[in-house]
Amino acid sequence: MTTQRILVVGATGFVGLHVVDALLAAGHSVRATRRPRSVTLLLRRRDVELVPASLEDPAALRSAMADCDAVCFCAAHYPRYSLDSAAAFATASAGAKAIVEAALNAGVPRVVATGSIASVGPAPAGRDADERDVHLTPPSHSVYGQVKWHIERELDAGRARGLSVVSLLAGACIGAGDLRLGTNGILAAMLAGALPWWVDGRVNVADVRDVARAHVAALAPRELLPSYALPGRTVRVRALFAWLARRYAVARPALELSAAEAVARADRDERAAEPIRGRVLWPRELVDLVTHGQRVSGRAAQRDLGFEPAPIGETFDQAAAWIATHVLAPARRRQERRAS
Amino acid sequence: MTMNENEWRANVIALIAEIREVDGATIRGDSRLREDLGMDSLNSLELLSGLGEQFKLDLPIEDALALVTVDDACAFVMSAWRAQHGAAA
């Protein structure tokens, strides 16, 4: 593969950092944007050119893209709460639009955007869902799903103006290095015995390294689909928690809530956490993802991007080992304080 | 670069003040990062990352949450600086 210079926007985040690693492993040269207060601890250990830029600074973004062969956009808005939907949609759309505008202005040949499996709509009867199943209107059950819908529409607008954008609609990414404990937060809480309740449904578990490698494959200058589902492995939460409990010798959360109860509980927890910018163990978007989870096919990504889901045990072992050595989960700290 | 303990502390306090958006004059060496200054785990990572960048240090994340007070953070960064940049400190 020819060495290319790739700009990663969002490289200080969980998926972005793995994309950086996959790019470096493939021999590419990596430039990464950073904000003044970005946590660059892990990124500075890599051979990466760091440039100050943000989605709110069009000139800096465009200049960061100058002479780059492609951009990986791993910084799409991820709402921390599902309470203020209008603000979340505005932020999400503005961020995606900034990437599209800068890439068109800088003449970047390809943008690869990290998206979400929540953008895959319901399947028609007779087959699993995939990237062909697009929500025609924002999915009403989930603010998170609507945020992702708005982002994809901005990327569509970029495509209509001639920008080559490949959206990778990833399942719940699991792996090492999730400093802020996003999708890995549930696992960290369960390992700490601090998960108070759970709700059944389906979850698409994707190994973050597989998702990262798919970004590299999607850079190749050839005809690709506008989007690919990267579901990883689809599992029932009930079976997953039973399996995790056995594998890591921890208890399953005792209280099972119905979907309606889980939604009410998540909303209540978010309302309590929002004023202090606190974290909730089960945020509303995960409840929505799980309770509306479905079987999704990754066949197109397998064919075009070589997306092969790792064995699920390897995926969780990577994440669990990292969590065990990086005592970052607030739940775990609380538990240790109680024990001492 | 040679700094005495007070200078290290001034740098650490300035960074904490920036992260928490408070007046640095209200922060003392024995102020507790979480209980007194309201720092969460992400703020601790921002502190570690900022200190690492300012002083060109590779600071282990695992230690971020073991720091209880501002003085702990100063001692931690001074010791890392000595280890990584030699005894000249």
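Residues numbered from 1 in each chain as written. Chains lettered and ligands numbered in written order. Predicted model: local features only at pLDDT ≥ 70, side-chain atom pairs only at ≥ 80, totals over all residues.

Trainee: Can you help me understand the overall build of chain A in this one?
Mentor: What chain A contains, in helices and strands, is twelve helices and twelve strands. In terms of principal-axis extent, the alpha carbons of chain A reach across some 55 × 50 × 40 Å. Restricting the contact set of chain A to residue pairs at least 6 apart, pairs at least 24 apart contribute 79%. (Helix = DSSP H or I, 4+ residues; strand = E, 2+ residues; numbered from the N terminus. Contact = placed C-beta atoms within 7 Å.)

Trainee: Would you mind showing me how to read the pairing of strand β6 (residues 165-170) of chain A here?
Mentor: Residues and elements named next belong to chain A. Most of β6 sits out of view: six of its six residues are buried. Along β6, one buried face is formed by Val165, Ser167 and Leu169 and the opposite face, lined by Val166, Leu168 and Ala170, is buried too. By the bridge criterion, six bridges tie strand β5 (residues 111-116) to β6 in an arrangement that is parallel. Counterpart to Val112 in the pairing with β6 is Val166. For the crossover from β5 across helix α4 (residues 143-160) to β6, the handedness is right-handed. (Buried ≥ 20, exposed ≤ 12 C-beta atoms within 10 Å, placed from the backbone. Pairing = 2+ DSSP bridges. Right-handed = clockwise from strand over helix to strand, strands pointing away.)

Trainee: Help me understand the interface of chain A and chain B in this model?
Mentor: A common measure of how large an interface is: the accessible area buried when the components associate. The interface of chain A with chain B comprises 14 residues on the first partner and 13 residues on the second. Across the side of chain A that touches chain B, the residue classes tally to six nonpolar, three polar and five charged. (Nonpolar A, V, L, I, M, F, W, Y, C, P; charged D, E, K, R; others polar.)

Trainee: Sorry if this is basic, but what is going on with the sheet that holds strand β9 (residues 202-207) of chain A here?
Mentor: Across a sheet, strands are paired by hydrogen bonds formed along the backbone, either parallel or antiparallel in direction. Residues and elements named next belong to chain A. Sheet architecture is open: three strands sit in the order β7-β9-β11, paired in mixed fashion. Unpaired on one side and paired on the other, β7 (172-174) and β11 (233-236) mark the two borders of the sheet. Pairs of neighbouring strands in the sheet enclose a mean axial angle of 40°, with direction left out of account. As paired strands, β9 and β11 are joined by four bridges and run antiparallel to one another. Note that in β11 the partner of Val205 across the bridge is Arg233. (Axes fitted to C-alpha atoms, helices over the stretch in contact; angles between N-to-C directions.)

Trainee: Please clarify how the nonpolar core should be interpreted in this entry.
Mentor: Counting 127 residues, the largest nonpolar core has Val8, Val71, Leu168 and Leu230 of chain A as the members making the most contacts within it. Dropping the residues within four chain positions of it, Val71 of chain A is found in contact with Leu7, Val9, Met65, Ile99, Ala103, Val108 and Val111 of chain A. (Core = buried A, V, L, I, M, F, W, Y, C linked by C-beta atoms within 7 Å.)

Trainee: Looking at this model, I keep getting lost on the sheet that holds strand β10 (residues 227-230) of chain A. Mind explaining?
Mentor: All names here are of chain A. Across the sheet, which stays open at both edges, the seven strands sit in the order β3-β2-β1-β4-β5-β6-β10 with parallel pairing between neighbours. This sheet does not close on itself; its edge strands, each paired only once, are β3 (49-52) and β10. Recorded for the sheet is a direction-independent mean angle of 25° between the axes of neighbouring strands. Packing against the sheet, helix α3 (residues 85-106) makes contact with β1 (5-9), β4 (70-73) and β5, and its axis sits at approximately 175° to β4.

Trainee: Can you help me understand the confidence of the model for chain B in this one?
Mentor: Residue and element names in this part refer to chain B. In this model, chain B carries a mean pLDDT of 86, and residues with pLDDT of at least 70 account for 96%. Considering each helix and strand of chain B separately, the mean pLDDT is smallest for helix α2 (residues 41-54), with a value of 87, and largest for helix α1 (residues 5-20), with 90. For this predicted complex, the interface score ipTM comes out at 0.76, alongside a pTM of 0.90. (pLDDT = per-residue confidence, 0-100.)

Trainee: Please explain the packing of α1 of chain B against α2 of chain B as it appears in this structure.
Mentor: Think of two packed helices as two axes; the pair is described by the angle between the axes and how far apart they sit. Residues and elements named next belong to chain B. The contact between α1 and α2 brings their axes to 10 Å, and the two run at 135°. Judged by the angle between their axes, α1 and α2 are oblique. Seen along the crossing, α1 lies across α2 with a hand that is right-handed. Residues Asn11, Val12, Leu15, Ile16, Ile19 and Arg20 of α1 form the contact with α2, whose own contacting residues are Asn43, Glu46, Leu47, Gly50, Leu51 and Gln54. When its residues are assigned to classes, the contact of α1 with α2 shows six nonpolar, four polar and two charged. (Parallel < 35°, antiparallel > 145°, perpendicular 65-115°, else oblique. Left-handed = near helix turned anticlockwise from the far one by under 90°.)

Trainee: Just to check I follow, could you spell out unusual backbone geometry for this structure?
Mentor: Excluding glycine, residues mostly have negative phi values, and the peptide bonds linking residues are mostly trans. All names here are of chain A. Backbone geometry at Leu181 places phi at a positive 45°, although glycine is not the residue there. With respect to the secondary-structure elements, Leu181 resides in the loop between β7 and α5 (185-191). For Leu181, a count of 22 C-beta atoms within 10 Å corresponds to the buried category.

Trainee: Help me out: how do you make sense of helix α1 (residues 14-25) of chain A in this one?
Mentor: Helical periodicity: at 3.6 residues per turn, an α-helix aligns residues three or four positions apart in one direction. Residue and element names in this part refer to chain A. With twelve residues, α1 should reach 16 Å at 1.5 Å per residue; the first-to-last C-alpha distance of 17 Å fits that figure. With ten of twelve residues buried, α1 is to be regarded as a mostly interior element. Listed as buried for α1 are Phe14, Val15, Gly16, Leu17, His18, Val19, Val20, Asp21, Ala22 and Leu23. Immediately beyond the C-terminal end of α1, within one or two residues, lies Gly27, with a positive phi of roughly 90°. (Expected span 1.5 Å × (residues − 1).)

Trainee: Hey, could you run me through the confidence of the model for chain A in this one?
Mentor: One rule of thumb: low pLDDT means the predicted coordinates there are not for detailed reading. The pLDDT averaged across chain A works out to 92; a share of 96% of its residues lies at or above 70. The model gives residues 329-340 of chain A a pLDDT under 50, and that stretch makes 20 contacts with residues more than four places away or in other chains.

Trainee: Looking at this structure, how should I read the packing of α1 of chain A against helix α6 (residues 208-217) of chain A?
Mentor: All names here are of chain A. In contact at an axis separation of 8 Å, α1 and α6 are set at 60° when each is read in the N-to-C sense. Relative to α6, α1 is oriented oblique. The handedness of the crossing between α1 and α6 is right-handed. Contacts between α1 and α6 involve Phe14, Val15, His18, Val19, Asp21, Ala22 and Leu23 from the first element and Val208, Arg209, Val211, Ala212, Arg213, His215 and Val216 from the second. Split into classes, the residues belonging to the contact of α1 with α6 amount to nine nonpolar, two polar and three charged.

Trainee: Looking at this model, I keep getting lost on helix α9 (residues 284-291) of chain A. Mind explaining?
Mentor: Along α9 of chain A, seven of the eight residues are buried, which leaves the element largely enclosed by surrounding structure. Those residues of α9 of chain A that fall on the buried side of the exposure criterion are Arg284, Glu285, Leu286, Val287, Asp288, Leu289 and Val290 of chain A.

Trainee: What is the right way to look at the environment of Val108 of chain A in this model?
Mentor: Residues and elements named next belong to chain A. Here Val108 shows up in the loop between α3 and β5. Val108 sits in the buried class, given 23 other C-beta atoms within 10 Å. Spatially, the C-alpha atoms of Val108 and Gly306 are 24 Å apart, while their sequence positions differ by 198 residues. Those residues within four positions of Val108 in sequence are excluded, and the remaining contacts are Met65, Cys68, Ala70, Val71 and Ala103.

Trainee: Before we go on, may I ask you to explain the environment of His135 of chain A in this structure?
Mentor: Residue and element names in this part refer to chain A. As for its placement among the helices and strands, His135 is situated in the loop between β5 and α4. Sequence separation between His135 and Trp149 is 14 residues; the distance between their C-alpha atoms is 7.6 Å. In this view, His135 contacts Gly121 and Trp149; residues no more than four positions away in its chain are not counted.

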